[in-house]
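Here are the chains, one letter per residue:
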Amino acid sequence: MYLTPQHILLAGATGLTGEHLLDRLLNEPTVSRVLAPSRRPLAKHPHLENPVGDPAIFLPQLSGRVDLAICCLGTTIKLAGSEEAFRAVDHDMVVAFGKRARELGARHLIVVSAVDANPKSKVFYSRVKGEMEESLKAQGWPQLTIARPSLLIGERSEPRLAEQLAGPLSKLIPGKYRGIEACQLARALWRLALEEQDGVRIVESDELRRLGK
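An unreviewed UniProt entry annotates the protein chain as Oxidoreductase originating from Pseudomonas vanderleydeniana.

Spelled out as structure tokens, the structure:
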């Protein structure tokens, strides 16, 4: 069974995956409104609402009916500057986004997490991602889809050296650890947005690649 979302709340629209997804959403005839808050302005579009500024300030001010929420927020410890700053984005901000989306009426949340996310992991990055997933589950979503991509491949506005070096090699790795193109992930997220079911669904990277073909 498929649901056709009309009003979509998108976080992370200026990121590698978010840019691809936003472009797709704005060109979908079934989508009449995309609410995409961001720190820097996005290109104007008649179906796009783009509050600009500090998310901590404007997130509570978002308004209007939302059918579906998609969260592509994410950073790295290096870019964030510290483990605490990383957690503030990849856990706290994501959870706050989910809470506000529920308040606006969304019944389905899709969140981009990471391969090997686990709240009990000894790896800080994976542990924070796992804790984020558990916090979203606790919000009681009628439908929660957790995407766990492996290394994202694509041209970033701010290149990440580690990804540039690992990207070509990651394409040779089998299964869920193989790298995934950001545009492919965006296509998979849209496919998942059209599915209507109850409960929590975790989608690993190999399935995301298949859905994004």
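Right, picking up where we left off after that structure.
Before we move on, could you go through the overall build of the protein chain and cite the residues and values that matter?
Looking only at helices and strands, the protein chain has eight helices and nine strands in total. Here the protein chain holds 213 residues, and 49% of them are scored as buried. Residue pairs in contact within the protein chain that sit at least 24 positions apart in sequence constitute 69% of those at least 6 positions apart. Working note: accessible area of the protein chain is about 10400 Å², and carbon and sulfur atoms make up 55% of it.

Explain helix H1 (residues 16–26) to me, using residue names and the numbers behind them.
Looking only at H1, the buried set comprises Leu16, Thr17, Gly18, Leu21, Leu22, Leu25 and Leu26. Buried positions along H1 lie against strand E1 (7–11), strand E2 (33–35), strand E3 (48–49), strand E4 (68–71), strand E7 (152–153) and helix H7 (182–193).

Tell me about the pattern of salt bridges, residues and numbers included.
Under the defined criterion, the tally for this structure stands at 15 salt bridges. Taking the shortest distance from any N to any O, the salt bridge between Glu131 and Arg87 comes out at 2.6 Å. In this pair, Glu131 is assigned in helix H5 (residues 124–137) and Arg87 in helix H4 (residues 83–103), connecting sequence segments 44 residues apart. A relative accessible area of 23% places Glu131 in the partly exposed class. Of the residues examined, Arg87 reaches a relative accessible area of 27% and is grouped as partly exposed. Sharing partners across several salt bridges, the network here consists of Glu195, Arg201, Glu207 and Arg210.

For the environment of Leu62, give the residues involved together with the corresponding values.
Examined against the element boundaries, Leu62 turns out to sit in the loop between helix H2 (55–58) and E4. Sequence spacing of Leu62 and Ala101 is 39 residues, and the spatial spacing of their C-alpha atoms is 9.1 Å. Apart from residues no more than four positions distant in its own chain, Leu62 is found in contact with Leu9, Leu35, Pro37, Pro51, Arg100 and Leu104.

Let's hear about the packing of aromatic side chains: which residues, and what values?
Counted under the stated rule, the structure contains two aromatic pairs. Note on Phe86 and Phe124: the rings are 5.9 Å apart at their centroids and 55° apart in plane angle, and the pair reads as tilted. Here Phe124 lies in helix H5 and Phe86 lies in helix H4, a separation of 38 residues in the sequence. Phe124 shares its class with Phe86; the two are buried. An aromatic cluster of three or more residues is present, and its members are Phe86, Phe124 and Tyr125. The ring of Trp141 is capped by Arg102, whose NZ or CZ atom sits 5.2 Å from the centre of that ring.

Describe the side chain of Arg201, naming the residues involved and giving the relevant values.
Of note, Arg201 is situated in strand E9 (residues 199–204). A polar side-chain atom of Arg201 sits 2.4 Å from a polar atom in the side chain of Glu195. For Arg201, the side chain forms a polar contact with the side chain of Glu207, separated by 2.5 Å. Excluding its chain neighbours within four sequence positions, the residues that come into contact with Arg201 are Leu144, Thr145, Ile146, Leu192, Glu195, Glu207 and Leu211.

Can you tell me about the packing of H1 against H7, naming the residues and giving the values?
In the contact formed by H1 and H7, the axes pass within 8 Å of each other and the chain directions differ by 50°. The orientation of H1 relative to H7 falls into the category oblique. Note on packing geometry: the crossing formed by H1 with H7 is right-handed. Here Leu16, Thr17, His20, Leu21, Arg24 and Leu25 of H1 come into contact with H7, specifically with Ala182, Cys183, Leu185, Ala186, Arg187, Leu189 and Trp190. Grouping the constituent residues of the contact of H1 with H7 by class yields nine nonpolar, two polar and two charged.

Residue-level account of the state of the cysteines, with values.
Counting across every chain of the model gives zero disulfides. There is no disulfide at Cys71, and the cysteine sulfur nearest it, in Cys72, is 6.9 Å away. The exposure class assigned to Cys72 is buried, which follows from its relative accessible area of 14%.

The rules behind these values
- Residues numbered from 1 in each chain as written.
- Predicted model: local features only at pLDDT ≥ 70, side-chain atom pairs only at ≥ 80, totals over all residues.
- Heavy atoms only, no water.
- Helix = DSSP H or I, 4+ residues; strand = E, 2+ residues; numbered from the N terminus.
- Buried < 20%, exposed > 50% of the residue type's maximum accessible area, 1.4 Å probe, protein only.
- Contact = heavy atoms within 4.5 Å.
- Areas by Shrake-Rupley, 256 points an atom, 1.4 Å probe, with all protein chains shown as cover.
- Salt bridge = Lys/Arg side-chain N within 4 Å of Asp/Glu carboxyl O.
- Phe/Tyr/Trp six-rings, centres within 6.5 Å; stacked < 30°, edge-to-face > 60°.
- Lys NZ or Arg CZ within 6 Å of the ring centre and 35° of its normal.
- Polar contact = N/O pair within 3.5 Å; in protein donor to acceptor, adjacent residues only side chain to side chain.
- Axes fitted to C-alpha atoms, helices over the stretch in contact; angles between N-to-C directions.
- Parallel < 35°, antiparallel > 145°, perpendicular 65-115°, else oblique.
- Left-handed = near helix turned anticlockwise from the far one by under 90°.
- Nonpolar A, V, L, I, M, F, W, Y, C, P; charged D, E, K, R; others polar.
- Disulfide = S-S within 2.5 Å.

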